[in-house]
Amino acid sequence: MGEVDSAFIQAIEHRPKLAIVEAEGIPLIDLSALNSPESSNSSAISRLVAQIGEACKNWGFFQVINHGVPFERQQNMELASRKFFAQSTEEKRKVRRDEINPTGYYDTEHTKNVRDWKEVFDLTVENPTVMPASHEPDDKELTKWINRWPDYPPELREAFEEYTEELKKLSYKLVELISLSLGLPAKRLNDFFKDQTSFIRLNHYPPCPIPHLALGVGRHKDAGALTILGQDDVGGLEVKRKTDGEWIRVRLTPDAFIINVGDIIQVWSNEKYESVEHRVMVNSQRERFSIPFFLNPGHHVMVEPLEELTDEQNPAKYKAYNWGKFFATRKRSNFKKLGVENIQIHHFKIAE
Ligand code: OGA
Ligand code: NI
């Protein structure tokens with residue numbers, strides 16, 4: 001491999017520790033109560049809602065099992081992803097992301113201006129997805145993001161569409177449980193996801209000769225509402241524990257999805273649930289594949305603390321912001337190393 005590009009090197013304080021702390025505490029939640037015929041069984045559902053609420057409050061992360069996504073669909077998606085990434089860079093670049101159409105393949109993502117040790121292929125859940133044409137606040141023009149399908153593997157498109165259908169269903173189930181856990185009606189949040197700008201990312205983390213200096217993804221919080229992550233059996237995701245700020249490795253659980261609260265739920269809940277920092281460690285031996293589904297609202301949605309969750313004692317902690325413009329701004333800065341801090345929700349925070 002020779003010299004490694006210095007763009008990958010993390011500042012000393014952000015380098016991973018090679019001694020791994022595995023979490024006992026990240027909750028594992030069994031969703032079977034939702035899928036069983038007795039799903040009208042209200043005590044089982046209330047227990048589930050309480051578990052989800054605790055997990056969102058204490059960790060911002062949890063894993064779910066018996067989530068109802070057929071194993072075969074998950075497996076087909078992962079196999080198609082492996083085949084896609086196994087191609088030459090030249091082939092992959094035929095569906096490369098550019099500044100006009102930010103979906104597609106790319107291998108130069110920067111998180112907080114340090115390059116990530118990974119390559120990705122992004123596909124939107126709604127095809128096409130309506131978005132603002134630019135990040136400029138006064139530009140009202142809209143555009144359509146259209147998925148581009150690679151020639152190989154030919155089954156990728158169908159695998160993606162079948163997987164997406166299931167993940168959408170799971171995301172609504174989770175959003176409804178979260179809504180209930182906030183004391184709101186189950187469907188209170190659903191309308192925000194009309195014309196959603198959600199996307200699925202195929203992540204490939206190649207083996208890395210300098211796993212102590214670089215990260216697969218640098219520390220970050222997810223900007224959307226909720227993330228549902230499927231991963232293979234390699235592991236590497238680390239979560240910053242809320243109680244002490246320690247980086248904790250998420251345990252590998254067969255057939256589980258890893259769920260985390262994104263920034264939008266932090267704002268909607270007026271910080272009852274916080275979006276938690278996480279990062280991905282790479283290793284020198286094995287490549288890793290993961291597939292996050294980022295649940296995002298429609299571009300027109302103004303994100304702000306929900307009225308029902310604020311009052312005089314607990315005033316709104318954020319000003320409203322437009323999701324489409326926020327997302328477009330973030331996409332732009334992830335594409336190019338701009339040398340400035342990414343847009344973040346704390347820019348909309350109301351001083352206390
Ligand atoms: C992300 C992310 C985690 C992983 O893409 O935002 O946090 O394990 N990925 O790939
Ligand atoms: Ni993330």
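Residues numbered from 1 in each chain as written. Chains lettered and ligands numbered in written order. Predicted model: local features only at pLDDT ≥ 70, side-chain atom pairs only at ≥ 80, totals over all residues. Heavy atoms only, no water.

> What exactly am I supposed to notice about the overall build of the protein chain here?
A tally of helices and strands in the protein chain yields seven helices and 18 strands. For 352 residues, the compact-globule formula gives about 20 Å, and the C-alpha radius of gyration of the protein chain, at 20 Å, lands near that figure. Considered along the principal axes of its C-alpha atoms, the protein chain spans approximately 60 × 45 × 40 Å. Counting across all 352 residues of the protein chain, residues that qualify as buried make up 54%. If you take every contact in the protein chain between residues at least 6 apart in sequence, the share linking residues at least 24 apart comes to 78%. A total accessible area of about 16,000 Å² is found for the protein chain, and carbon and sulfur atoms account for 50% of it. (Helix = DSSP H or I, 4+ residues; strand = E, 2+ residues; numbered from the N terminus. Rg over C-alpha atoms; globule rule 2.2 N^0.38 Å. Buried < 20%, exposed > 50% of the residue type's maximum accessible area, 1.4 Å probe, protein only. Contact = heavy atoms within 4.5 Å. Areas by Shrake-Rupley, 256 points an atom, 1.4 Å probe, with all protein chains shown as cover.)

> Is there a simple way to think about the coordination of the nickel ion (ligand 2) in this case?
Coordination angles at a metal have ideal targets, namely 109.5 degrees for four tetrahedral donors and 90 or 180 degrees for six octahedral donors. The nickel ion (ligand 2) binds to the protein through His220 (NE2), Asp222 (OD) and His278 (NE2); the donor distances cover 2.1 to 2.2 Å. Read from N- to C-terminus, the donor residues coordinating the nickel ion (ligand 2) fall into the pattern H-x1-D-x55-H. Taken individually, histidine 220 and aspartate 222 each receive the classification buried, so the pair is uniform in this respect. (Donors = N, O, S within 2.8 Å, 3.2 Å for Na, K, Ca; no water.)

> For this particular structure, what's the right way to read the site of ligand 1?
Around ligand 1 sit Asn203, Tyr205, His220, Asp222, Leu229, Leu237, His278, Val280, Arg288, Ser290, Pro292 and Phe294, and that is every residue in its neighbourhood. With respect to ligand 1, the side chain of histidine 278 contributes an N or O atom lying 3.0 Å from an oxygen atom. A distance of 2.8 Å is found between an oxygen atom of ligand 1 and a side-chain nitrogen or oxygen belonging to arginine 288. Within the complex, 96% of the 290 Å² of free accessible area of ligand 1 lies under protein. According to the grid-proximity analysis, the pocket containing ligand 1 is the largest cavity. Considering every element that reaches the shell around ligand 1, the biggest residue donor is strand 16 (residues 288-295), with four residues. In terms of residue class, the shell around ligand 1 is built from six nonpolar, four polar and two charged. (Near = heavy atom within 4 Å. Polar contact = N/O pair within 3.5 Å; in protein donor to acceptor, adjacent residues only side chain to side chain. 1 Å grid on protein atoms, 1.4 Å probe; cavity = no way out; pocket = protein on both sides within 12 Å on 5 of 7 lines; lining within 4 Å. Sits in = over half its atoms within 2 Å of the grid points. Nonpolar A, V, L, I, M, F, W, Y, C, P; charged D, E, K, R; others polar.)

> Is there a simple way to explain the packing of helix 3 (residues 71-85) against helix 5 (residues 156-181) in this structure?
The description of two packed helices rests on the angle between their axes and on the distance between the axes. Close contact between helix 3 and helix 5 brings their axes to 9 Å; oriented N to C, the two are set at 140°. If you check the angle between helix 3 and helix 5, you find them oblique. For the element pair helix 3 and helix 5, the recorded crossing hand is left-handed. Residues Arg73, Gln74, Asn76, Met77, Ala80 and Phe84 of helix 3 lie in contact with helix 5, whose contacting residues are Leu156, Ala159, Phe160, Glu162, Tyr163, Glu165 and Glu166. For the contact of helix 3 with helix 5, the per-class residue count stands at seven nonpolar, two polar and four charged. (Axes fitted to C-alpha atoms, helices over the stretch in contact; angles between N-to-C directions. Parallel < 35°, antiparallel > 145°, perpendicular 65-115°, else oblique. Left-handed = near helix turned anticlockwise from the far one by under 90°.)

> What should I look at first to understand the UniProt feature "domain: Fe2OG dioxygenase" (unreviewed entry) in the protein chain in this one?
As annotated by UniProt and renumbered to match this structure, "domain: Fe2OG dioxygenase" (unreviewed entry) occupies residues 196-297. Counted over residues 196-297, helix gives 6% and strand 39%. Its end C-alpha atoms are 5 Å apart. (UniProt positions renumbered as here; feature names shortened; annotations may be inferred.)

> How do you make sense of the nonpolar core when you look at a structure like this?
As a rule of thumb, nonpolar side chains are buried together in soluble globular proteins. Judged by nonpolar contacts, the single largest core of 72 residues is most densely connected at Phe62, Phe121, Leu174, Leu226, Phe257 and Trp268. Broken down by element, this core gets its largest block of residues, ten residues, from helix 5. If sequence neighbours within four positions are ignored, leucine 174 has contacts with Leu31, Ile52, Phe62, Val64, Leu226, Ile228 and Ile259. Membership of the second largest hydrophobic core comes to 20 residues, among which are Phe61, Tyr205, Cys208 and Val276. (Core = buried A, V, L, I, M, F, W, Y, C linked by side-chain atoms within 4.5 Å.)

> Looking at this structure, how should I read the side chain of serine 134?
Among the structural elements, serine 134 can be located in the loop between strand 7 (129-132) and strand 8 (142-145). Polar side-chain contacts of serine 134 include one of 3.0 Å to the side chain of aspartate 139. Once you skip the residues sitting within four places of it in the chain, serine 134 turns out to touch Asp139, Lys325 and Ala328.

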